[in-house]
Amino acid sequence: MDGVKVMAKKFIDTISEKLKLIETEDIDIFTVEIHNVILDNTIASMEKKFSKNQILYTDFACLSPVNFEDINKKDLPSNALIELTNKIKQFDETITRDSLQNELLSFSSNWNGLKKSVPESYEIDTYDEIQDEEDFGNKTMYKSHCTSCMNCSICCYLVLQKYNLYSNAYSHLTIAYQYLLTFPCTQIACERSFSILKYLKNRLRNTLNESKLEAFMIMSIEKDTLFNINNDEVIDRLKAKSNLLLKELSY
């Protein structure tokens, strides 16, 4: 009887060791063939995405109040703000690298005094998340209060707006902050766009071409602007397109 128990114990120990070895091998296979591959592809994709715009991101870093102290002590690098100037020149042809640099140096030197006037909180427009297709078109917008950190690009833009500094003293710098704050990495409108897209282009509208789909998405995302449009002005513009539209839309 004792011999049977000993044999049984040896058998159980042997099987347990083999099972542990198999589990370890499975984990190693998963780690090498799946986990590491996904991680490497993700890192490579991020490096490829950001390496193309590395110079622009470096210029954006100059607009952060976190770096204002270093800017005031060490001044801006010789190649700073060149890429950003090229990007925002389409909005104002008078913008130059020197003018943008001078405005930033002046603003950064006065930031410690200006940031004291930043409100403790500010309001942002927030939308309820769409949970069902039936709720699409009925989403509600409400005001959400966010606490000011007094040390970010949003706070800088709030100061420029509060003192109306964008109209004269820092007009070019204001455009730079507006350009920065419209990037997807600084707001969530891009994520909201994907939520809306799946309801616009469903199985019943699968043949929508790109131009129409883009128009519908803009109308859905910018509903506040859409509802404020004067219908009579739209009709007048359509009338001017052709004599047929002028005849049909006149009343």
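One can find the structure itself at the top, above this paragraph.
Residues numbered from 1 in each chain as written. Predicted model: local features only at pLDDT ≥ 70, side-chain atom pairs only at ≥ 80, totals over all residues. Heavy atoms only, no water.

## A short note on the overall build of the chain
The cut-off we apply is this: A helix here means a DSSP run of H or I that spans at least four residues, while a strand means a run of E at least two residues long, and both kinds are numbered starting from the N terminus. Three labels apply to residues, based on accessible area from a 1.4 Å probe with only protein chains included: buried if under 20% of the type maximum, exposed if over 50%, partly exposed otherwise in between. When checking whether two residues touch, look at their non-hydrogen atoms; a contact exists if any pair is within 4.5 Å. Accessible areas in this description were obtained via Shrake-Rupley with a 1.4 Å probe; residue shielding takes into account the shown protein chains only.
The secondary structure content of the chain amounts to 13 helices and 2 strands. Burial analysis of the chain (251 residues in total) assigns 24% to the buried set. Contacts in the chain between residues at least 24 apart in sequence constitute 59% of all its contacts with a sequence separation of at least 6. Accessible surface for the chain amounts to roughly 18,300 Å². Of this, 56% is attributable to carbon and sulfur atoms.

## Re the pattern of salt bridges
We apply this condition: Salt bridges are identified by distance alone: a Lys or Arg side-chain nitrogen within 4 Å of an Asp or Glu carboxyl oxygen.
Enumeration over the complete set of coordinates arrives at 2 salt bridges. Among the salt bridges present, the one from Glu69 reaches Lys73, with a minimum N-O distance of 3.1 Å. Pair noted here: Glu69 and Lys73 are both in helix α3 (residues 68-74), with a separation of 4 residues, about one helical turn. For Lys73, a relative accessible area of 63% translates into the label exposed.

## With respect to helix α10 (residues 210-221)
For clarity, the cut-off: The span expected for a helix works out to 1.5 Å for each residue beyond the first. Here the arc refers to the directions that run from the helix axis out to each C-beta atom.
The end-to-end C-alpha distance of α10 is 16 Å, a good match for the 16 Å that 12 residues give at a rise of 1.5 Å each. Those residues of α10 that fall on the buried side of the exposure criterion are Leu213, Met217, Ser220 and Ile221. End-on view of α10: buried residues confined to an arc of 90 degrees, all on one side of the axis.

## What about a nonpolar patch on the surface?
Filter applied, for reference: What makes a patch is a set of residues exposed beyond 30% relative accessible area and free of salt bridges, joined within 9 Å when like-charged and within 5 Å when nonpolar (Val, Leu, Ile, Met, Phe, Trp, Tyr).
Taken together, the side chains of Phe216, Met219, Leu226, Phe227, Ile229, Val234, Leu238 and Leu245 present a nonpolar region at the surface, about 660 Å² in accessible area. At the level of secondary structure, the elements contributing two or more residues to the nonpolar patch comprise α10, α11 (223-227) and α12 (231-239). Looking at where Val234 falls in the secondary structure, it is placed in helix α12. Val234 sits in the partly exposed class, given a relative accessible area of 38%.

## Some thoughts on the nonpolar core
Counted only if it meets this: The criterion is simple. A nonpolar core is a set of buried Ala, Val, Leu, Ile, Met, Phe, Trp, Tyr and Cys residues joined through side-chain atoms within 4.5 Å.
Counting 31 residues, the largest nonpolar core has Leu63, Leu84, Leu104, Phe107, Trp111 and Tyr177 as the members making the most contacts within it. Mapped onto this core, the elements with two or more residues apiece are α2 (54-62), α3, α4 (82-88), α5 (97-109), α6 (111-114), α7 (153-162) and α8 (171-181). It is α8 that contributes the most residues to this core, 6 residues altogether. One finds Ile196, Leu208, Leu213 and Ile221 within the second-largest nonpolar core, a separate group that totals 6 residues.

## Observations concerning the packing of α5 against α8
Going by this rule: Under this scheme, a helix contributes an axis fitted over its contacting stretch, all axes are lines through C-alpha atoms, and angles between N-to-C directions fall in the 0 to 180 degree range. The labels follow the angle: roughly parallel below 35 degrees, roughly antiparallel above 145, roughly perpendicular from 65 to 115, and oblique for the rest. Under the convention adopted here, Pro, Cys and the residues Ala, Val, Leu, Ile, Met, Phe, Trp and Tyr are nonpolar, Asp, Glu, Lys and Arg are charged, and Gly plus all remaining residues are polar.
Where α5 meets α8, the axes come as close as 8 Å, and the angle between the chain directions of the two elements is 90 degrees. By the angle class used here, α5 and α8 are roughly perpendicular. Of the residues in α8, those in contact with Ser99, Leu100, Glu103, Leu104 and Phe107 of α5 are Ser171, His172, Leu173, Ala176 and Tyr177. Here the contact of α5 with α8 is built from residues that sort into 6 nonpolar, 3 polar and 1 charged.

## Digging into unusual backbone geometry
Despite not being glycine, Asp75 has its phi angle at roughly 70 degrees, a positive value. The topology assignment puts Asp75 in the loop between α3 and α4. For Asp75, a relative accessible area of 44% corresponds to the partly exposed category. Within the chain, Leu81 stands out as a residue other than glycine whose phi angle is a positive 70 degrees. Relative to the elements of secondary structure, Leu81 occurs in the loop between α3 and α4. For Leu81, a relative accessible area of 0% gives the class buried.

## A look at the packing of aromatic side chains
The following threshold applies: Pairs were defined over the aromatic rings of Phe, Tyr and Trp, the Trp ring being its six-membered one, requiring ring centres within 6.5 Å. Orientation was assigned from the angle between planes: stacked under 30 degrees, edge-to-face over 60, tilted for the rest.
Per the counting criterion, the structure on display carries 7 aromatic pairs. Ring plane angle 90 degrees and centroid distance 6.2 Å describe the contact between Phe68 and Phe107, whose orientation is recorded as edge-to-face. Of the two residues, Phe68 is situated in helix α3 and Phe107 in helix α5; the sequence distance between them amounts to 39 residues. Across this residue pair, the class does not change: Phe68 and Phe107 are buried. Put simply, the rings of Phe68, Phe107, Trp111, Tyr170 and Tyr177 pair up and form one aromatic cluster.

## Here we look at the side chain of Asp59
Basically, it comes down to this: By the counting scheme adopted, Arg and Lys are positive, Glu and Asp are negative, and His together with the chain ends is not counted.
Inspection of the secondary structure assignment puts Asp59 in helix α2. In this structure, Asp59 is buried with no salt-bridge partner, the nearest side chain bearing the opposite charge being Arg97 at 7.9 Å. Excluding residues that lie within four positions of it along the chain, Asp59 makes contacts with Asn79, Ala80, Leu81, Ile82, Glu83 and Leu84.

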